[in-house]
Amino acid sequence: MTLNMEFVKKLIEEDNPIPIVGKKLLELWLNLAQRENNLSDYYYKGEEKAKTFEEFILKSYSEFYSSLAKTCLKGKTVFQTFSDCCFIIMDGLSLRESALLYKNLQKKGLKVSHSFNYSSIPSDTEMFREKIEIPISRFIQINNPNYIKLSGEEKYIWSYFPDIMLDKIKTGHTVISSLEEMYKLVEKIVLEIISQIKFNKIIISSDHGYIRTEAGYVFSVGEKAKKKLQTIFGSKRYVKMDSLEVEDLINAGYVEEFNGYYVAKSRYLWPISGKYSIYIHGGLSLMECFVPVLEVEKGRGNAYSQS
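Just so it is clear, the structure is predicted and the values come from calculations on it, not from any experiment.

Focus on the packing of aromatic side chains
Right, so step 1: Taken as a whole and assessed by the stated rule, the structure comprises 20 aromatic pairs.
Right, so step 2: Both rings, one in Phe79 and one in Phe87, keep their centres 4.8 Å apart while their planes meet at 50 degrees; by these two values the pair is tilted. Each of the two residues, Phe79 as well as Phe87, counts as buried.
Right, so step 3: The interplanar angle of 70 degrees and the centroid separation of 5.6 Å between the aromatic rings of Tyr210 and Tyr279 together place this pair among those described as edge-to-face. A residue pair is termed long-range when its members are at least 10 positions apart, and Tyr210 in the loop between strand S5 (201-205) and strand S6 (211-212) and Tyr279 in strand S10 (residues 279-280) qualify at 69 residues. Here Tyr210 and Tyr279 have matching classes, each one buried.
Right, so step 4: Looking at Arg96, its charged tip hangs above the ring of Tyr210, at a distance of 4.0 Å from the centre.
Right, so step 5: The aromatic ring of Tyr238 is capped on one face by Lys236, whose charged end is 5.8 Å from the ring centroid.

Re the pairing of strand S11 (residues 290-297)
Right, so step 1: With seven of eight residues buried, S11 is to be regarded as a mostly interior element.
Right, so step 2: Direction of pairing for strand S2 (residues 111-118) relative to S11: antiparallel, over a ladder of eight bridges. The residue bridging His114 from the neighbouring strand is Leu294, located in S11.
Right, so step 3: When S5 meets S11, the two strands line up antiparallel, connected through five bridges. For Ile203, the partnering residue across the bridge sits in S11 and is Glu295.

Cut-off values and rules
- Residues numbered from 1 in each chain as written.
- Predicted model: local features only at pLDDT ≥ 70, side-chain atom pairs only at ≥ 80, totals over all residues.
- Heavy atoms only, no water.
- Phe/Tyr/Trp six-rings, centres within 6.5 Å; stacked < 30°, edge-to-face > 60°.
- Buried < 20%, exposed > 50% of the residue type's maximum accessible area, 1.4 Å probe, protein only.
- Helix = DSSP H or I, 4+ residues; strand = E, 2+ residues; numbered from the N terminus.
- Lys NZ or Arg CZ within 6 Å of the ring centre and 35° of its normal.
- Pairing = 2+ DSSP bridges.

And the structure:
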């Protein structure tokens, strides 16, 4: 992707570059969603652009990731930012999918605004739940997309989709679902929930995004580092700090030490034996840590308003 001098200048001059990068990343996906109607092409082209953008950030501003981690830790959650609304957390929803939702919800006649927030660090569901300090028991849980029955008064809703579908796509397995199929199901779930909810304002967000592990979408690591990463992390993107010796991995820029964890940085990935997920999270990368926030107003006079 082409980065103009104005963006580069802002990145250098601003005391806090995090929102600037988040806005640019969101812009990337929103612009493509408006232009591209073929879902397969959208995912392919968008990932290429997002990878190129992250490569620029990594090479020109490596300390950015430390700042991003601190923002993720201290930043307000959507539950602290918005009030008098219904909150829908779509587990694993990334900016890729939210840009499409934004376009398609507008086509349905809904008033929608799109911004972003931050995951926890590590960018993991369990850590997110600790961060928001709202017991999962307070959320109505959506685990069957074909049976969604709500009273309409629900304030907190947790959808296990799309994450549950991402987990099923494994290398070496028959592909159970594709990103295109996953998005269509996500949109179906969102529209069904919106149609049943009586709140005028609905906030749709996510606990974390994900990175793609296919060749060409990740950054390789050196042979020596590869073996150590395999030994320490295995198939995970983070581990608890212990007596592990990872100073060399930190100095080489592969790993960030933060808040009691060693976290894999950017899109660095290493091969492991056996079968593993194509879509993973838990680390410190742009697509894992910048999470979507869609603010939907149902209003009156559209197909989704309640009388």
